Amino acid sequence: MKLEVKSLQSSNENENIFYLATSENYKKLPFSEQEIKFAEEQIAAEVPLVEFNRYTHKVYLHVSAEKTYGNSELEKMRKLAFSVHTKIQESKISSLVIQDQLNNSDALLAFVEGLSLTNYQFLKYFTDTKKKKYTLKQVSIQTNVLAKEAIDELSAIVEGVKLARELVNEPLSYLTAQKLSEEIQKMADDAGFTLEVFGKKKIESLKMGGLLAVNKGSVDDPTFSVLEWNPKGARNSKPIVFVGKGVVYDTGGVSLKPTKDSMDLMKSDMGGAASVAGAIYAIAKANLPIHVVGLIPATDNRPGGNAYVPGDVVTMHNGKTVEVLNTDAEGRMLLADALSYADRYNPEFVIDLATLTGAAAVAIGKYGIVAMGNQASQENMPSLKKAGDRVHERLVEFPFWDDFGELIESDIADLKNLGGRDAGAITAGKFLEHFTNYPWVHLDIAGPAFLGSMDSYRGKGGSGVGVRLLFEFSKQYQTE
Ligand code: BES
Ligand code: ZN
Ligand code: ZN
């Protein structure tokens, strides 16, 4: 979908138009008396989107009565865009003019964001896409309040989200760990961040025991990708590090996933990795003056010939030992190695994103991100939550008391990788905490990373959750 920005024009004959207007100014738009009367009735009946059929083209009108645009109004704008998209798809429209009479740049941007994100589809594996493909190709924004730079930034974000969705939607038959790193290389070439990919030998020499243990049952080698965006004049001298779980498929390993259907969506177990790559792509593309590093440990988790088994003791990258009690708790094994590797950057702040526990998904579903952080991160937590509220990728902070630590004590090693029935999302976080010694927040995105049914502009399938959060957080990041 192509986006262009122009100043307001009075004549748009025969074009499909969406008017974004206020209760004060909509009557001055080029409508007939009859049409105004119709609009008044519709607005009185609280119809959010008034539709006029001009035969050669369609005209849509949304009248907003909002005085200010806070987070919930912006989310309404994104959702409104989804309903506009549904309408224009019904009419198989390919180009749309957005006439902005609201004069609020945040509201307009949220609308365009919702429209652009809605227009994403994953059709790669259909042999015939003609009937399925959305028709919208060209959007022209007429406004007096938006600079071209704002649209360029929005395009970078939208592109980052779409690339993340693409990675999540790809099945293992395409997206092995190796392929994931190749896809990230393409993103790096396009956006200008750097990428170094460690293969199995290098991972062995780094003694990343957790990643190697999970990889033992696989016939494919693991990868460890290091993404970096360090622009001249970066605001932070020490980097912010993003760590993403890159399990390209999770069968559970020899502790095979036990319940019906529980494996169906497990191609999405690299959702954290996708979000990290998508966010760094967007940050680089938008040229944000912030130094960020992305770390992505990747492998599939399978019960192959030499697979790791319950009872095994694994020595991790930082030398700590872990007793494996369930091979399905694999995410924490490879994230732990990446978190201790992050230490060499002397990071200012580390955020990991992972589809880590069913418990997080059960607790809050697709509606939010389960968050927890160590003591040192408490300074950063409010701004991360604020960024989440702004982009509607909201954080719910779980308790992270020391007491939970007793649930992962092992009889024979420093830690065990399984906490038991209670507080599953938290014990997973507590496990990871042992591998951090810097301000750190853990984000469990198991609920929102993959959507089983259409959810407004977030779509169906891979959602790319986390990309907009990390971008917004990085954009607003202030150093003392
Ligand atoms: N990838 C799963 C978590 C998951 C579940 C993500 C559902 C998305 C949707 C993770 O590796 C896992 O299997 N976790 C186990 C941990 C348990 C064995 C301690 C879980 O949550 O059941
Ligand atoms: Zn698992
Ligand atoms: Zn997993």
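Note that this is a predicted model, so its numbers are computed, not measured.

Undergrad: Just to check I follow, could you spell out helix α3 (residues 105–118) for this structure?
TA: Owing to its 3.6 residues per turn, the α-helix aligns residues three or four sequence positions apart on the same side. Across its 14 residues, α3 extends 20 Å between first and last C-alpha, which sits within 8% of the 20 Å expected from 1.5 Å per residue. The buried count for α3 comes to 11 of 14 residues, which makes it a mostly enclosed element. Two or three places before Asp106, at the opening of α3, Asn104 has a side-chain oxygen 3.1 Å from that residue's backbone nitrogen.

Undergrad: How should I be thinking about the site of ligand 1 in this particular structure?
TA: Contacts to ligand 1 come from 15 residues, most closely from Lys257, Asp269, Asp328, Glu330 and Gly358. Between Thr355 and ligand 1, the recorded distance is 3.4 Å, taken from a backbone N or O atom to a nitrogen atom. Bound to the protein, ligand 1 loses 75% of the 520 Å² it would expose on its own. Looking at the shell around ligand 1 residue by residue, the classes come out as 4 nonpolar, 4 polar and 7 charged.

Undergrad: Explain the pairing of strand β9 (residues 240–244) to me, please; I cannot follow it from the model alone.
TA: As a general feature of sheets, a regular strand has side chains that alternate between the two faces. Judged by how many residues are buried, β9 sits mostly within the fold: 5 of 5 residues are covered. The side-chain alternation of β9 yields two buried faces, one formed by Ile240, Phe242 and Gly244 and the other by Val241 and Val243. The pairing of β9 with strand β14 (residues 349–354) spans 5 bridges and is classified as parallel. Its bridge partner lying in β14, Gly244 is registered against Leu353. Looking at chain direction, β9 and strand β11 (residues 292–301) are connected through 4 bridges and run parallel. Bridge pairing links Val241 to Val293 in β11.

Undergrad: Explanation requested: the domain arrangement of the protein in the structure shown.
TA: Under the domain assignment, the protein is made up of domain 1 (2–146) and domain 2 (155–476). In this structure, domain 1 and domain 2 have C-alpha centres spaced 37 Å apart. Listed per partner, the contact involves 18 residues of domain 1 and 20 residues of domain 2. Of the roughly 1,800 Å² buried between domain 1 and domain 2 on both sides combined, carbon and sulfur atoms contribute 56%. Looking at the side of domain 1 facing domain 2, the largest losses of area belong to Leu117, Tyr120 and Phe122, adding up to 34% of the total buried there.

Undergrad: Mind showing me how you'd approach the coordination of the zinc ion (ligand 3) here?
TA: Perfect tetrahedral coordination of a metal by four donors corresponds to 109.5 degrees between them, and perfect octahedral coordination by six donors corresponds to 90 or 180 degrees. The zinc ion (ligand 3) binds to the protein through Lys245 (NZ), Asp250 (OD), Asp269 (OD) and Glu330 (OE); the donor distances cover 2.0 to 2.4 Å. One can describe the site at the zinc ion (ligand 3) as octahedral: its 6 donor atoms subtend angles covering 78 to 174 degrees at the metal. One chain supplies every donor for the zinc ion (ligand 3), spaced along it as K-x4-D-x18-D-x60-E. In this structure the zinc ion (ligand 2) is found 3.2 Å away from the zinc ion (ligand 3), and Asp250 serves as a bridging donor for the pair. Linking Asp250 in strand β10 (residues 246–250) with Asp269 in the loop between β10 and α8 (271–285), this pair joins segments that are 19 residues apart in sequence. Look at Asp250 and you get buried, because its relative accessible area is 3%.

Undergrad: Is there a simple way to explain the coordination of the zinc ion (ligand 2) in this structure?
TA: At this site the zinc ion (ligand 2) is bound by Asp250 (OD), Asp328 (O), Asp328 (OD) and Glu330 (OE), with donor distances of 2.0 to 2.2 Å. Geometry at the zinc ion (ligand 2) is irregular, judged from the 6 donor atoms that bind it and their angles of 71 to 167 degrees at the metal. All donors to the zinc ion (ligand 2) come from one chain, and their sequence spacing reads D-x77-D-x1-E.

Undergrad: Whenever I open this one, a negative patch on the surface confuses me. Can you help?
TA: On the surface, a cluster of negative charge is made up of Asp402, Asp403, Glu406 and Glu409. Within the element layout of this structure, Glu406 appears in the loop between β16 (395–397) and β17 (415–416). Residue classification places Glu406 among the exposed positions, given a relative accessible area of 55%.

Undergrad: Help me understand the pattern of salt bridges in this model?
TA: Once their charged atoms are close, side chains differing in charge can pair, the charge on each being opposite to the other. Enumeration over the complete set of coordinates arrives at 28 salt bridges. Between Glu153 and Lys475 there is a salt bridge, and its shortest N-O distance comes to 2.8 Å. Here Glu153, found in helix α4 (residues 148–169), pairs with Lys475, found in helix α13 (residues 467–476); they are 322 residues apart in sequence, far enough to count as distant. For Lys475, a relative accessible area of 33% corresponds to the partly exposed category. With a shortest N-O distance of 3.1 Å, Arg458 and Asp455 are connected by a salt bridge. Of the two residues, Arg458 and Asp455, neither departs from the other in class, the shared state being buried.

Undergrad: So what exactly am I meant to see when it comes to the sheet that holds strand β12 (residues 313–315) here?
TA: Pairing is mixed across the open sheet formed by 3 strands, whose spatial order is β12-β13-β17. Both outer strands of the open sheet, β12 and β17, are each paired with one neighbouring strand and no more. Note: strand β13 (residues 321–323) against β17, 2 bridges, orientation parallel. Looking across to β17, one finds that Val322 is bridged to Leu415.

Undergrad: For this particular structure, what's the right way to read the packing of helix α2 (residues 71–90) against helix α11 (residues 381–391)?
TA: Describing two packed helices takes the angle between their axes plus the distance from one axis to the other. Relative orientation of the contacting elements α2 and α11 amounts to 40 degrees, with a least axis distance of 7 Å. It follows from the interaxial angle that α2 and α11 lie oblique. Between α2, through Asn71, Leu74 and Arg78, and α11, the contact on the second element is made entirely by Asp389, Arg390 and Val391. A class-by-class count of the residues in the contact of α2 with α11 yields 2 nonpolar, 1 polar and 3 charged.

Undergrad: Can you help me understand the packing of aromatic side chains in this one?
TA: To describe a pair of aromatic rings, one takes the distance between the centres and the angle between the planes. Under the counting rule described, the total for this entry stands at 14 aromatic pairs. Plain terms: the ring middles of Phe198 and Tyr341 are 5.9 Å apart, the flat faces sit at 75 degrees to each other, and that makes the pair edge-to-face. A residue pair is termed long-range when its members are at least 10 positions apart, and Phe198 in strand β7 (residues 194–198) and Tyr341 in helix α9 (residues 331–342) qualify at 143 residues. There is no split in this pair, since Phe198 and Tyr341 are both buried. One aromatic cluster is present, formed by Tyr19, Phe31, Phe38 and Phe52 through successive ring pairs.

Undergrad: Mind showing me how you'd approach α8 here?
TA: The end-to-end C-alpha distance of α8 is 21 Å, a good match for the 21 Å that 15 residues give at a rise of 1.5 Å each. Extensive coverage of α8 is indicated by the burial of 14 of its 15 residues. With its phi angle positive at about 60 degrees, Asn287 sits one or two positions after the end of α8.

Cut-offs applied
Residues numbered from 1 in each chain as written. Chains lettered and ligands numbered in written order. Predicted model: local features only at pLDDT ≥ 70, side-chain atom pairs only at ≥ 80, totals over all residues. Heavy atoms only, no water. Helix = DSSP H or I, 4+ residues; strand = E, 2+ residues; numbered from the N terminus. Expected span 1.5 Å × (residues − 1). Buried < 20%, exposed > 50% of the residue type's maximum accessible area, 1.4 Å probe, protein only. Polar contact = N/O pair within 3.5 Å; in protein donor to acceptor, adjacent residues only side chain to side chain. Near = heavy atom within 4 Å. Areas by Shrake-Rupley, 256 points an atom, 1.4 Å probe, with all protein chains shown as cover. Nonpolar A, V, L, I, M, F, W, Y, C, P; charged D, E, K, R; others polar. Pairing = 2+ DSSP bridges. Domains from an automatic or database assignment. Contact = heavy atoms within 4.5 Å. Buried area = accessible area lost by both parts, 1.4 Å probe. Donors = N, O, S within 2.8 Å, 3.2 Å for Na, K, Ca; no water. Tetrahedral: all angles 85-135°; square planar, octahedral: opposite > 155°, others 65-115°. Patch = residues over 30% accessible without salt bridge, like charges linked within 9 Å, V, L, I, M, F, W, Y side chains within 5 Å. Salt bridge = Lys/Arg side-chain N within 4 Å of Asp/Glu carboxyl O. Lys, Arg positive; Asp, Glu negative; His and termini not counted. Charge placed at Lys NZ, Arg CZ, Asp CG, Glu CD. Axes fitted to C-alpha atoms, helices over the stretch in contact; angles between N-to-C directions. Parallel < 35°, antiparallel > 145°, perpendicular 65-115°, else oblique. Phe/Tyr/Trp six-rings, centres within 6.5 Å; stacked < 30°, edge-to-face > 60°.

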